[in-house]
Amino acid sequence: MKKTLIGLALLSNFLFAHSALMSCFNNGDNTITCEGGFSDGSSASGVNFFILQGDKKILETKMNENSEITFNIPKGSYSAVFDAGEGHQIHVKGEDITE
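Residues numbered from 1 in each chain as written. Predicted model: local features only at pLDDT ≥ 70, side-chain atom pairs only at ≥ 80, totals over all residues. Heavy atoms only, no water.

A few words on the state of the cysteines. Tallied over the entire structure, the rule returns one disulfide. The partner cysteine of C24 in its disulfide is C34, sulfur to sulfur 2.2 Å. Measuring the twist about the S-S bond at about 110°, one finds the C24-C34 disulfide to be right-handed. In this pair, C24 is assigned in strand β1 (residues 20-26) and C34 in strand β2 (residues 31-38), connecting sequence segments 10 residues apart. Across the pair, C34 and C24 agree in class, each one buried. (Disulfide = S-S within 2.5 Å. Helix = DSSP H or I, 4+ residues; strand = E, 2+ residues; numbered from the N terminus. Buried < 20%, exposed > 50% of the residue type's maximum accessible area, 1.4 Å probe, protein only.)

Scanning the model with the defined rule gives one salt bridge in all. Close ionic contact of E60 with K57 constitutes a salt bridge, the shortest N to O distance being 3.5 Å. K57 sits in the partly exposed class, given a relative accessible area of 42%. (Salt bridge = Lys/Arg side-chain N within 4 Å of Asp/Glu carboxyl O.)

With that settled, consider the sheet that holds β1. A sheet is described by the order of its strands in space; here three strands give the open sequence β1-β2-β5, paired in antiparallel fashion. Of all the strands in the sheet, the pair left with one neighbour each is β1 and β5 (68-72). Taking the axes of each pair of neighbouring strands and ignoring which way they run, one obtains an average angle of 20° across the sheet. (Pairing = 2+ DSSP bridges. Axes fitted to C-alpha atoms, helices over the stretch in contact; angles between N-to-C directions.)

Moving on: the pairing of β1. The pairing of β1 with β2 spans seven bridges and is classified as antiparallel. Residue pairing in the sheet places N26 in a bridge with I32 of β2.

The subject of this paragraph is the pairing of strand β6 (residues 79-83). Of all five residues making up β6, five are buried, and the element is well covered by its neighbours. Bridging between strand β3 (residues 48-53) and β6 involves five bridges; their strand directions are antiparallel. Along β6, the bridge assignment pairs L52 with S79. One ladder, built from five bridges, connects β6 with strand β7 (residues 89-93); its direction is antiparallel. Bridge assignment links S79 to a residue of β7, and that residue is K93. Once β6 ends, the chain turns through five residues before running back antiparallel as β7, passing G85 with a positive phi of about 110°.

Time to look at unusual backbone geometry. Even without a glycine there, the phi angle at N30 is positive, about 70°. If you trace the backbone, N30 turns up in the loop between β1 and β2. Positive phi, close to 60°, is recorded for S67, a residue that is not glycine. Turning to its location among the elements, S67 is positioned in the loop between β4 (56-62) and β5.

So yeah, pure geometry; function would need other evidence.
Here it is in structure tokens:
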């Protein structure tokens with residue numbers, strides 16, 4: 001019985017777990033669009049999003065109602081960061097974003 005309860009507890013954690021997802025693409029007009037979400041299909045509307053240059057945040061906002069954000073391409077190296085809390089943060093380097 002004890003093993004069954006432990007198995008059910010582990011299974012329920014697996015069933016309710018979800019991973020953060022984000023993809024970014026260059027729009028070809030000096031802007032980048034990033035789309036966020038979760039592996040279980042949950043919306044990322046209102047999730048924190050920021051742009052880092054080194055350790056400095058040069059843009060801090062939230063994903064819109066469509067779980068997207070569009071921003072002007074910063075000069076120099078940068079990272080786009082989807083921040084849905086501990087264990088749900090994704091960093092995408094600017095040089096890895098293509099059209």
